[in-house]
Amino acid sequence: MNKVSSFQIPFARAVDRFTRQDVLDALALIDHYGPEWLRETTGRRRAVARYVLHEGIRYPAKATGYLAAQLCAGIAKIEGTPVRVDRIERGLARCGFTVMTEDPPGDAGEVES
């Protein structure tokens, strides 16, 4: 029998419930602690194709969404892959963020993850 980790159920619910403020708080934490902390905290590897552009800075979409869901659920650290990226992207879109897959015009800074 496949056992579900104790964090997966609240986290999966939080993916559908995180708010714009949770995303903004996640972005502030990423700015403060940096990309290595983001990888450790969310368990996400370096972003390859999808990102969120906010105030001229590119943030990895999946890791940002995971962190927003973690903040919403009150989970400090996550391991594994409990939800698919399309759910994270829908949550970010619901909060007014656009997930992009190509480079923006001009010089956007980047938080590598």
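Everything here concerns the structure above.
Residues numbered from 1 in each chain as written. Predicted model: local features only at pLDDT ≥ 70, side-chain atom pairs only at ≥ 80, totals over all residues. Heavy atoms only, no water.

On to the overall build of the chain. Helix and strand counts for the chain come out as 5 helices and 4 strands. Walking the chain from its N terminus toward its C terminus, one meets helices and strands in the order α-α-α-β-β-α-α-β-β. Residue pairs in contact within the chain that sit at least 24 positions apart in sequence constitute 80% of those at least 6 positions apart. When the accessible surface of the chain is totalled, it reaches about 6700 Å², and 48% of it is carbon and sulfur. (Helix = DSSP H or I, 4+ residues; strand = E, 2+ residues; numbered from the N terminus. Contact = heavy atoms within 4.5 Å. Areas by Shrake-Rupley, 256 points an atom, 1.4 Å probe, with all protein chains shown as cover.)

Next up on the list: the packing of aromatic side chains. This model, assessed by the stated rule, comprises 1 aromatic pair. The ring of Tyr51 carries the charged tip of Arg58 above its face, separated from the ring centre by 4.1 Å. (Phe/Tyr/Trp six-rings, centres within 6.5 Å; stacked < 30°, edge-to-face > 60°. Lys NZ or Arg CZ within 6 Å of the ring centre and 35° of its normal.)

This paragraph deals with the environment of Leu92. In this fold, Leu92 is placed in helix 5 (residues 85-94). Given a relative accessible area of 0%, Leu92 falls into the buried group. If sequence neighbours within four positions are ignored, Leu92 has contacts with Phe18, Val23, Val52, Ala61, Gly65, Phe97 and Val99. (Buried < 20%, exposed > 50% of the residue type's maximum accessible area, 1.4 Å probe, protein only.)

Moving on to the environment of Ile75. Within the secondary structure, Ile75 is located in the loop between helix 4 (61-73) and helix 5. C-alpha separation for the pair Ile75 and Thr41, spaced 34 residues apart in sequence, amounts to 9.7 Å.

Running from N to C, helix 4 and helix 5 cross one another at 70 degrees; their axes reach a closest spacing of 9 Å. On the basis of the axis angle, helix 4 is roughly perpendicular to helix 5. Between helix 4, through Ala61, Lys62, Gly65 and Tyr66, and helix 5, the contact on the second element is made entirely by Val85, Ile88 and Leu92. When grouped by side-chain class, the residues that make up the contact of helix 4 with helix 5 number 5 nonpolar, 1 polar and 1 charged. (Axes fitted to C-alpha atoms, helices over the stretch in contact; angles between N-to-C directions. Parallel < 35°, antiparallel > 145°, perpendicular 65-115°, else oblique. Nonpolar A, V, L, I, M, F, W, Y, C, P; charged D, E, K, R; others polar.)

So, about helix 4. Compared with the 18 Å implied by 1.5 Å per residue over 13 residues, the 18 Å span of helix 4 between its first and last C-alpha is a close match. Of all the positions in helix 4, only Ala61, Ala63, Thr64, Gly65, Tyr66, Leu67, Ala68, Ala69 and Gln70 are classed as buried. Gly74 lies just past helix 4 and shows a positive phi near 75 degrees. (Expected span 1.5 Å × (residues − 1).)

Counting residues in hydrophobic clusters, the biggest one holds 23 residues, and the most contacted among them are Phe11, Phe18, Val23, Leu92 and Phe97. Every element with two or more residues in this core is listed here: helix 1 (8-15), helix 2 (20-33), helix 4 and helix 5. Per element, the largest residue contribution to this core is 6 residues, and it comes from helix 4. (Core = buried A, V, L, I, M, F, W, Y, C linked by side-chain atoms within 4.5 Å.)

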